[in-house]
Amino acid sequence: MPRAGWVKPETDRRLSDLVSVGVLTRVFPPELVDEVIAQAGRTEQRHRSLPARVMAYFSIGMALYSQGSYQDVLAQLTDGLSWASGWQESYSPPSKSAIFQARARLGSGPLAALFERVAEPIGGDDTPGVWLAGRRLVAIDGTCLDVADTPANTAHFARPGVTKGEQAAFPQARVVALAECGTHAIFAAAVGRYSQSEATLTESLLDRLEPGMLLTADRGFFSYALWRKAIGTGADLLWRVRTDKAGPKPTHVEDLPDGSWLAHLHQTHSAAARREEPIPVRVLDYTIEDGRDNPTTYRLFTTILDPDQATATDLAAAYTQRWEIELTFDELKTHQRGPRTVLRSKSPDLVLQEIWGHLCCHYAIRSLMTQAALHAGHDPDRVSFVAALRITRATIAQPGAFPP
(Lines give C-alpha, C1' and ligand atoms only; values in the text may rest on other atoms or scores of the structure.)
Protein backbone atom coordinates (compact mmCIF):
# COMPACT_ATOMS: atom_id res chain seq x y z
CA MET A 1 0.00 0.00 0.00
CA PRO A 2 1.42 3.46 -0.89
CA ARG A 3 2.47 5.48 2.11
CA ALA A 4 2.02 9.20 2.77
CA GLY A 5 4.63 11.19 0.93
CA TRP A 6 5.44 8.34 -1.47
CA VAL A 7 6.17 9.53 -5.01
CA LYS A 8 5.70 7.21 -7.95
CA PRO A 9 8.99 6.72 -9.83
CA GLU A 10 9.23 7.95 -13.40
CA THR A 11 10.16 4.49 -14.64
CA ASP A 12 8.94 0.98 -13.88
CA ARG A 13 12.48 -0.36 -13.87
CA ARG A 14 13.58 -1.71 -10.50
CA LEU A 15 17.05 -1.75 -9.01
CA SER A 16 17.17 -5.51 -9.64
CA ASP A 17 16.86 -4.75 -13.35
CA LEU A 18 19.56 -2.09 -13.28
CA VAL A 19 22.24 -3.79 -11.22
CA SER A 20 25.14 -4.92 -13.37
CA VAL A 21 27.65 -7.48 -12.08
CA GLY A 22 29.54 -7.82 -15.32
CA VAL A 23 30.98 -11.24 -16.06
CA LEU A 24 29.51 -12.82 -12.90
CA THR A 25 26.07 -12.96 -14.52
CA ARG A 26 27.47 -15.41 -17.08
CA VAL A 27 27.90 -17.97 -14.34
CA PHE A 28 24.99 -16.91 -12.10
CA PRO A 29 22.24 -15.65 -14.45
CA PRO A 30 19.47 -13.51 -12.89
CA GLU A 31 16.78 -16.10 -13.68
CA LEU A 32 18.62 -18.76 -11.69
CA VAL A 33 19.23 -16.35 -8.82
CA ASP A 34 15.52 -15.54 -8.67
CA GLU A 35 14.62 -19.25 -8.78
CA VAL A 36 16.96 -20.12 -5.92
CA ILE A 37 15.67 -17.22 -3.83
CA ALA A 38 12.08 -18.28 -4.44
CA GLN A 39 12.84 -21.89 -3.45
CA ALA A 40 14.40 -20.61 -0.24
CA GLY A 41 11.29 -18.56 0.49
CA ARG A 42 13.22 -15.28 0.55
CA THR A 43 11.42 -13.45 -2.27
CA GLU A 44 10.25 -10.07 -1.01
CA GLN A 45 6.49 -9.63 -0.61
CA ARG A 46 6.52 -5.92 -1.38
CA HIS A 47 8.61 -3.50 -3.38
CA ARG A 48 11.89 -2.77 -1.62
CA SER A 49 14.79 -0.52 -2.51
CA LEU A 50 17.12 -3.52 -2.10
CA PRO A 51 15.41 -6.63 -3.55
CA ALA A 52 16.63 -10.14 -2.78
CA ARG A 53 18.29 -10.57 -6.17
CA VAL A 54 20.32 -7.43 -5.63
CA MET A 55 21.48 -8.68 -2.24
CA ALA A 56 22.47 -12.07 -3.69
CA TYR A 57 24.74 -10.30 -6.17
CA PHE A 58 25.83 -7.94 -3.41
CA SER A 59 27.04 -10.92 -1.36
CA ILE A 60 29.19 -12.02 -4.30
CA GLY A 61 30.27 -8.43 -4.90
CA MET A 62 31.55 -8.18 -1.32
CA ALA A 63 34.00 -10.95 -2.20
CA LEU A 64 35.31 -8.90 -5.10
CA TYR A 65 35.63 -5.76 -3.00
CA SER A 66 36.40 -7.12 0.45
CA GLN A 67 38.23 -3.92 1.37
CA GLY A 68 35.36 -1.63 0.33
CA SER A 69 32.46 -0.36 2.39
CA TYR A 70 28.88 -1.48 1.82
CA GLN A 71 28.22 1.66 -0.19
CA ASP A 72 31.37 1.13 -2.27
CA VAL A 73 30.31 -2.38 -3.20
CA LEU A 74 26.78 -1.31 -4.10
CA ALA A 75 28.12 1.57 -6.19
CA GLN A 76 30.14 -0.93 -8.22
CA LEU A 77 27.16 -3.24 -8.65
CA THR A 78 25.02 -0.39 -9.97
CA ASP A 79 27.56 0.14 -12.76
CA GLY A 80 29.21 2.97 -10.89
CA LEU A 81 25.79 4.70 -10.94
CA SER A 82 26.44 5.60 -14.57
CA TRP A 83 22.90 4.58 -15.40
CA ALA A 84 21.69 7.44 -13.21
CA SER A 85 23.29 10.11 -15.37
CA GLY A 86 22.91 8.23 -18.65
CA TRP A 87 19.19 7.69 -18.23
CA GLN A 88 18.56 10.99 -16.41
CA GLU A 89 17.24 9.16 -13.35
CA SER A 90 18.00 10.03 -9.77
CA TYR A 91 19.13 7.38 -7.30
CA SER A 92 20.06 7.77 -3.66
CA PRO A 93 22.34 5.01 -2.40
CA PRO A 94 20.80 3.24 0.61
CA SER A 95 22.39 3.62 4.00
CA LYS A 96 24.67 1.07 5.61
CA SER A 97 21.84 0.15 7.98
CA ALA A 98 19.46 -0.51 5.08
CA ILE A 99 22.01 -2.73 3.35
CA PHE A 100 22.64 -4.64 6.57
CA GLN A 101 18.92 -5.25 7.05
CA ALA A 102 18.57 -6.41 3.44
CA ARG A 103 21.46 -8.85 3.92
CA ALA A 104 19.78 -10.20 7.06
CA ARG A 105 16.48 -10.69 5.19
CA LEU A 106 18.24 -12.71 2.50
CA GLY A 107 20.25 -14.89 4.89
CA SER A 108 22.88 -17.45 3.94
CA GLY A 109 20.61 -20.17 2.54
CA PRO A 110 20.14 -18.75 -0.98
CA LEU A 111 23.90 -18.21 -1.46
CA ALA A 112 24.67 -21.77 -0.34
CA ALA A 113 21.94 -23.12 -2.63
CA LEU A 114 23.16 -20.99 -5.55
CA PHE A 115 26.68 -22.37 -5.18
CA GLU A 116 25.38 -25.93 -4.94
CA ARG A 117 23.22 -25.49 -8.06
CA VAL A 118 26.00 -24.08 -10.22
CA ALA A 119 29.33 -25.44 -8.99
CA GLU A 120 30.59 -28.55 -10.77
CA PRO A 121 33.87 -29.74 -12.30
CA ILE A 122 34.54 -27.68 -15.42
CA GLY A 123 37.52 -29.40 -17.05
CA GLY A 124 36.82 -30.86 -20.50
CA ASP A 125 38.11 -34.02 -22.14
CA ASP A 126 41.19 -32.23 -23.45
CA THR A 127 41.87 -29.89 -20.54
CA PRO A 128 45.50 -30.36 -19.37
CA GLY A 129 46.03 -31.67 -15.85
CA VAL A 130 42.43 -32.78 -15.31
CA TRP A 131 42.72 -36.52 -15.97
CA LEU A 132 44.75 -39.50 -14.80
CA ALA A 133 44.07 -42.97 -16.15
CA GLY A 134 40.67 -41.84 -17.41
CA ARG A 135 39.72 -40.44 -14.00
CA ARG A 136 39.06 -36.81 -13.07
CA LEU A 137 41.70 -35.75 -10.56
CA VAL A 138 40.16 -33.90 -7.57
CA ALA A 139 41.46 -32.98 -4.13
CA ILE A 140 39.98 -32.35 -0.71
CA ASP A 141 41.39 -30.15 2.03
CA GLY A 142 40.36 -27.64 4.65
CA THR A 143 41.20 -24.11 5.70
CA CYS A 144 40.12 -21.60 8.35
CA LEU A 145 38.87 -18.04 7.98
CA ASP A 146 39.03 -15.33 10.64
CA VAL A 147 35.61 -13.85 11.39
CA ALA A 148 34.62 -10.67 13.22
CA ASP A 149 35.23 -10.71 16.97
CA THR A 150 31.68 -10.51 18.30
CA PRO A 151 30.02 -12.49 21.12
CA ALA A 152 27.64 -14.15 18.65
CA ASN A 153 30.44 -15.27 16.32
CA THR A 154 32.55 -16.47 19.21
CA ALA A 155 29.69 -18.52 20.65
CA HIS A 156 28.88 -20.08 17.28
CA PHE A 157 32.27 -20.64 15.62
CA ALA A 158 34.66 -20.74 18.62
CA ARG A 159 38.30 -19.76 18.38
CA PRO A 160 41.52 -21.75 18.33
CA GLY A 161 43.66 -22.03 21.41
CA VAL A 162 47.17 -20.65 21.55
CA THR A 163 50.02 -20.96 24.01
CA LYS A 164 49.57 -20.83 27.80
CA GLY A 165 45.86 -21.56 27.66
CA GLU A 166 45.00 -18.35 25.85
CA GLN A 167 42.81 -18.07 22.76
CA ALA A 168 43.36 -16.55 19.33
CA ALA A 169 42.33 -12.97 18.63
CA PHE A 170 39.46 -13.92 16.31
CA PRO A 171 36.90 -16.72 16.05
CA GLN A 172 37.36 -18.91 13.01
CA ALA A 173 35.10 -20.73 10.57
CA ARG A 174 36.37 -23.97 9.08
CA VAL A 175 35.87 -24.68 5.38
CA VAL A 176 36.45 -28.06 3.74
CA ALA A 177 36.30 -28.09 -0.04
CA LEU A 178 36.50 -30.37 -3.05
CA ALA A 179 38.43 -28.85 -5.96
CA GLU A 180 39.27 -30.00 -9.47
CA CYS A 181 43.07 -30.10 -9.62
CA GLY A 182 43.41 -29.10 -13.27
CA THR A 183 41.24 -25.98 -13.07
CA HIS A 184 41.25 -24.99 -9.36
CA ALA A 185 37.44 -24.92 -9.47
CA ILE A 186 35.88 -25.59 -6.06
CA PHE A 187 32.76 -27.62 -6.84
CA ALA A 188 31.65 -28.57 -3.33
CA ALA A 189 32.24 -27.14 0.13
CA ALA A 190 31.14 -27.51 3.73
CA VAL A 191 31.34 -24.63 6.20
CA GLY A 192 31.37 -25.29 9.92
CA ARG A 193 32.68 -24.22 13.29
CA TYR A 194 36.35 -24.24 14.15
CA SER A 195 35.66 -26.99 16.68
CA GLN A 196 34.44 -29.31 13.92
CA SER A 197 37.15 -31.52 12.46
CA GLU A 198 37.94 -31.69 8.76
CA ALA A 199 36.95 -35.37 8.75
CA THR A 200 33.51 -34.53 10.14
CA LEU A 201 32.88 -31.89 7.47
CA THR A 202 34.25 -34.23 4.79
CA GLU A 203 31.46 -36.73 5.36
CA SER A 204 28.89 -34.20 4.18
CA LEU A 205 30.79 -33.83 0.88
CA LEU A 206 31.11 -37.49 -0.04
CA ASP A 207 27.87 -37.47 -2.03
CA ARG A 208 29.55 -35.09 -4.51
CA LEU A 209 32.02 -37.81 -5.44
CA GLU A 210 31.12 -40.16 -8.27
CA PRO A 211 32.61 -42.97 -10.35
CA GLY A 212 35.26 -41.65 -12.72
CA MET A 213 36.88 -39.39 -10.11
CA LEU A 214 40.21 -39.91 -8.36
CA LEU A 215 40.22 -38.19 -4.96
CA THR A 216 43.54 -37.15 -3.41
CA ALA A 217 43.85 -36.29 0.27
CA ASP A 218 46.58 -35.53 2.78
CA ARG A 219 47.48 -37.86 5.63
CA GLY A 220 45.27 -36.05 8.13
CA PHE A 221 42.11 -37.35 6.46
CA PHE A 222 42.61 -41.10 6.71
CA SER A 223 40.51 -43.20 9.02
CA TYR A 224 39.12 -46.67 8.39
CA ALA A 225 35.55 -45.40 8.64
CA LEU A 226 36.05 -42.46 6.27
CA TRP A 227 37.96 -44.63 3.79
CA ARG A 228 35.07 -47.14 3.70
CA LYS A 229 32.51 -44.36 3.19
CA ALA A 230 34.59 -42.73 0.45
CA ILE A 231 35.05 -45.92 -1.59
CA GLY A 232 31.30 -46.50 -1.27
CA THR A 233 30.75 -43.54 -3.61
CA GLY A 234 32.36 -45.41 -6.50
CA ALA A 235 35.19 -42.90 -6.83
CA ASP A 236 38.82 -44.02 -6.69
CA LEU A 237 41.06 -42.78 -3.89
CA LEU A 238 44.71 -41.77 -3.64
CA TRP A 239 45.45 -40.74 -0.07
CA ARG A 240 48.65 -40.21 1.81
CA VAL A 241 48.76 -41.97 5.20
CA ARG A 242 50.92 -41.73 8.26
CA THR A 243 53.89 -44.07 8.64
CA ASP A 244 54.44 -43.69 12.39
CA LYS A 245 53.08 -45.92 15.12
CA ALA A 246 49.67 -44.25 14.90
CA GLY A 247 49.37 -44.92 11.18
CA PRO A 248 47.35 -47.78 9.64
CA LYS A 249 49.02 -51.19 9.44
CA PRO A 250 48.25 -52.83 6.08
CA THR A 251 48.71 -56.60 5.85
CA HIS A 252 50.96 -57.58 2.94
CA VAL A 253 49.33 -59.72 0.25
CA GLU A 254 51.37 -59.46 -2.96
CA ASP A 255 54.24 -57.51 -4.48
CA LEU A 256 53.61 -55.84 -7.83
CA PRO A 257 56.15 -55.40 -10.66
CA ASP A 258 56.14 -51.58 -10.44
CA GLY A 259 57.34 -51.59 -6.82
CA SER A 260 53.93 -51.14 -5.19
CA TRP A 261 52.20 -53.91 -3.27
CA LEU A 262 48.72 -55.16 -2.54
CA ALA A 263 47.52 -55.33 1.05
CA HIS A 264 44.46 -55.75 3.24
CA LEU A 265 43.22 -53.10 5.63
CA HIS A 266 41.29 -54.13 8.70
CA GLN A 267 40.72 -52.72 12.14
CA THR A 268 41.60 -54.70 15.24
CA HIS A 269 40.43 -52.39 18.02
CA SER A 270 37.29 -54.43 18.71
CA ALA A 271 35.78 -57.83 18.04
CA ALA A 272 33.17 -56.31 15.72
CA ALA A 273 35.88 -54.56 13.72
CA ARG A 274 37.87 -57.76 13.37
CA ARG A 275 34.81 -59.52 11.90
CA GLU A 276 34.48 -57.01 9.07
CA GLU A 277 35.73 -57.90 5.61
CA PRO A 278 39.24 -56.55 4.99
CA ILE A 279 39.55 -53.71 2.50
CA PRO A 280 41.84 -54.40 -0.47
CA VAL A 281 44.31 -51.58 -1.05
CA ARG A 282 47.42 -50.89 -3.09
CA VAL A 283 50.34 -49.39 -1.19
CA LEU A 284 53.03 -47.12 -2.61
CA ASP A 285 56.16 -46.38 -0.56
CA TYR A 286 58.65 -43.90 -2.01
CA THR A 287 61.06 -41.10 -1.26
CA ILE A 288 61.93 -37.95 -3.18
CA GLU A 289 65.62 -37.32 -3.79
CA ASP A 290 65.95 -33.65 -2.93
CA GLY A 291 69.47 -33.59 -1.52
CA ARG A 292 68.55 -34.27 2.11
CA ASP A 293 70.47 -36.94 4.04
CA ASN A 294 67.25 -38.46 5.42
CA PRO A 295 64.51 -37.89 2.85
CA THR A 296 60.92 -38.24 3.99
CA THR A 297 59.26 -41.56 3.24
CA TYR A 298 55.84 -41.16 1.68
CA ARG A 299 53.14 -43.81 1.81
CA LEU A 300 50.07 -43.68 -0.41
CA PHE A 301 46.96 -45.87 -0.38
CA THR A 302 44.97 -46.21 -3.57
CA THR A 303 41.97 -48.16 -4.79
CA ILE A 304 43.50 -48.49 -8.29
CA LEU A 305 44.79 -52.02 -7.79
CA ASP A 306 45.95 -52.75 -11.34
CA PRO A 307 49.39 -51.26 -12.15
CA ASP A 308 48.56 -51.51 -15.86
CA GLN A 309 45.96 -48.76 -15.35
CA ALA A 310 48.32 -46.47 -13.43
CA THR A 311 51.90 -47.23 -12.46
CA ALA A 312 53.37 -46.38 -9.09
CA THR A 313 55.35 -43.56 -10.72
CA ASP A 314 52.20 -42.15 -12.32
CA LEU A 315 50.35 -42.20 -9.01
CA ALA A 316 53.21 -40.64 -7.04
CA ALA A 317 53.42 -37.87 -9.63
CA ALA A 318 49.64 -37.43 -9.54
CA TYR A 319 49.66 -37.03 -5.76
CA THR A 320 51.72 -33.85 -6.13
CA GLN A 321 48.66 -32.36 -7.85
CA ARG A 322 46.96 -32.36 -4.45
CA TRP A 323 48.89 -29.15 -3.81
CA GLU A 324 46.68 -27.44 -6.39
CA ILE A 325 43.95 -27.10 -3.76
CA GLU A 326 46.46 -25.33 -1.49
CA LEU A 327 47.01 -22.84 -4.32
CA THR A 328 43.24 -22.56 -4.69
CA PHE A 329 42.89 -21.56 -1.03
CA ASP A 330 45.70 -19.05 -1.53
CA GLU A 331 43.76 -17.50 -4.42
CA LEU A 332 40.64 -17.22 -2.33
CA LYS A 333 42.21 -16.06 0.94
CA THR A 334 45.24 -14.01 -0.10
CA HIS A 335 44.21 -12.41 -3.38
CA GLN A 336 40.41 -12.39 -3.48
CA ARG A 337 39.70 -11.78 0.21
CA GLY A 338 42.98 -10.01 0.94
CA PRO A 339 45.88 -11.10 3.17
CA ARG A 340 45.06 -11.22 6.88
CA THR A 341 41.63 -9.75 6.20
CA VAL A 342 38.93 -10.58 8.76
CA LEU A 343 35.43 -11.27 7.42
CA ARG A 344 33.26 -8.26 8.18
CA SER A 345 29.95 -9.89 9.18
CA LYS A 346 28.96 -9.59 12.84
CA SER A 347 26.48 -12.50 13.08
CA PRO A 348 26.93 -16.21 12.27
CA ASP A 349 24.33 -16.33 9.49
CA LEU A 350 25.84 -13.33 7.72
CA VAL A 351 29.31 -14.85 8.14
CA LEU A 352 28.03 -17.92 6.29
CA GLN A 353 26.48 -15.67 3.64
CA GLU A 354 29.81 -13.91 3.19
CA ILE A 355 31.75 -17.18 2.91
CA TRP A 356 29.34 -18.61 0.32
CA GLY A 357 29.65 -15.32 -1.55
CA HIS A 358 33.42 -15.79 -1.65
CA LEU A 359 33.02 -19.35 -2.93
CA CYS A 360 30.57 -18.24 -5.63
CA CYS A 361 32.90 -15.43 -6.67
CA HIS A 362 35.95 -17.70 -6.90
CA TYR A 363 34.03 -20.30 -8.90
CA ALA A 364 32.80 -17.66 -11.35
CA ILE A 365 36.31 -16.32 -11.92
CA ARG A 366 37.78 -19.79 -12.34
CA SER A 367 35.01 -20.74 -14.79
CA LEU A 368 35.80 -17.73 -16.95
CA MET A 369 39.54 -18.41 -16.71
CA THR A 370 39.04 -21.98 -17.92
CA GLN A 371 36.88 -20.83 -20.83
CA ALA A 372 39.47 -18.24 -21.83
CA ALA A 373 42.36 -20.72 -21.50
CA LEU A 374 40.66 -23.37 -23.61
CA HIS A 375 39.73 -20.78 -26.22
CA ALA A 376 43.40 -19.80 -26.50
CA GLY A 377 44.70 -23.38 -26.25
CA HIS A 378 46.43 -22.90 -22.88
CA ASP A 379 46.52 -24.80 -19.60
CA PRO A 380 44.12 -23.10 -17.10
CA ASP A 381 46.87 -23.39 -14.46
CA ARG A 382 49.04 -21.10 -16.58
CA VAL A 383 46.52 -18.25 -16.48
CA SER A 384 47.08 -15.64 -13.77
CA PHE A 385 44.33 -15.58 -11.16
CA VAL A 386 45.42 -12.12 -10.04
CA ALA A 387 45.03 -10.79 -13.58
CA ALA A 388 41.64 -12.49 -13.96
CA LEU A 389 40.50 -11.02 -10.63
CA ARG A 390 41.56 -7.56 -11.74
CA ILE A 391 39.71 -7.95 -15.06
CA THR A 392 36.60 -9.20 -13.29
CA ARG A 393 36.62 -6.19 -10.97
CA ALA A 394 36.95 -3.91 -13.99
CA THR A 395 34.03 -5.53 -15.79
CA ILE A 396 31.74 -4.79 -12.84
CA ALA A 397 31.83 -1.16 -13.91
CA GLN A 398 32.38 -1.82 -17.62
CA PRO A 399 30.29 -4.82 -18.78
CA GLY A 400 31.60 -6.57 -21.85
CA ALA A 401 35.24 -5.70 -21.21
CA PHE A 402 36.24 -9.31 -20.46
CA PRO A 403 38.39 -10.52 -23.39
CA PRO A 404 37.69 -13.90 -25.01
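Each remark here, short or long, concerns the structure printed above.
Residues numbered from 1 in each chain as written. Predicted model: local features only at pLDDT ≥ 70, side-chain atom pairs only at ≥ 80, totals over all residues. Heavy atoms only, no water.

## Quick notes on the pairing of strand E2 (residues 135-146)
Most of E2 is tucked away, with 11 of its 12 residues classed as buried. Sheet topology note: the strand E1 (residues 131-132)/E2 ladder contains 2 bridges and is antiparallel. Residue pairing for E2: Leu 132 is matched across the bridge by Arg 135. Adjacent in sequence and paired antiparallel, E1 and E2 are bridged by 2 residues, among which Ala 133 carries a positive phi angle near 55°. Pairing analysis gives 4 bridges linking E2 to strand E5 (residues 213-217), with the strands arranged parallel. Residue pairing in the sheet places Ala 139 in a bridge with Thr 216 of E5. (Buried < 20%, exposed > 50% of the residue type's maximum accessible area, 1.4 Å probe, protein only. Helix = DSSP H or I, 4+ residues; strand = E, 2+ residues; numbered from the N terminus. Pairing = 2+ DSSP bridges.)

## Describing the packing of aromatic side chains
As enumerated under the stated definition, the model contains 9 aromatic pairs in all. Aromatic side chains Phe 222 and Phe 301 sit 5.7 Å apart centroid to centroid with 85° between the ring planes, which places their arrangement in the edge-to-face category. Highlighted residues: Phe 222 in the loop between E5 and helix H11 (224-231) and Phe 301 in strand E10 (residues 297-302), separated in sequence by 79 residues. Across this residue pair, the class does not change: Phe 222 and Phe 301 are buried. A cation over a ring is seen here: Arg 174 above Tyr 194, with NZ or CZ 4.8 Å from the ring centre. (Phe/Tyr/Trp six-rings, centres within 6.5 Å; stacked < 30°, edge-to-face > 60°. Lys NZ or Arg CZ within 6 Å of the ring centre and 35° of its normal.)

## Side note on the packing of helix H3 (residues 30-39) against helix H4 (residues 52-64)
Think of two packed helices as two axes; the pair is described by the angle between the axes and how far apart they sit. With their axes 10 Å apart at the nearest point, H3 and H4 run at an angle of 110° to one another. Classified by the angle their axes make, H3 and H4 are roughly perpendicular. Contacts between H3 and H4 pair Pro 30, Val 33, Asp 34 and Ile 37 from the former with Ala 52, Arg 53, Ala 56 and Tyr 57 from the latter. (Axes fitted to C-alpha atoms, helices over the stretch in contact; angles between N-to-C directions. Parallel < 35°, antiparallel > 145°, perpendicular 65-115°, else oblique. Contact = heavy atoms within 4.5 Å.)

## Some thoughts on the pattern of salt bridges
Between side chains of opposite charge, pairing is possible as soon as their charged atoms come close. In total, this model carries 13 salt bridges according to the counting rule given. Among the ionic pairs, Asp 141 bridges to Arg 322, the shortest N-O distance being 3.1 Å. Here Asp 141, found in strand E2, pairs with Arg 322, found in the loop between helix H13 (312-319) and helix H14 (323-336); they are 181 residues apart in sequence, far enough to count as distant. Arg 322 sits in the buried class, given a relative accessible area of 1%. Between Lys 229 and Glu 203 there is a salt bridge, with its nearest N and O atoms 3.0 Å apart. Of this pair, Lys 229 sits in helix H11 while Glu 203 sits in helix H10 (residues 198-203), and the two are 26 residues apart along the sequence. Given the relative accessible area of 41%, Lys 229 is considered partly exposed. Here Glu 203 falls in the partly exposed class, since its relative accessible area comes to 39%. If you follow the salt bridges from partner to partner, you end up with Asp 141, Asp 218, Arg 322 and Glu 326 in one network. (Salt bridge = Lys/Arg side-chain N within 4 Å of Asp/Glu carboxyl O.)

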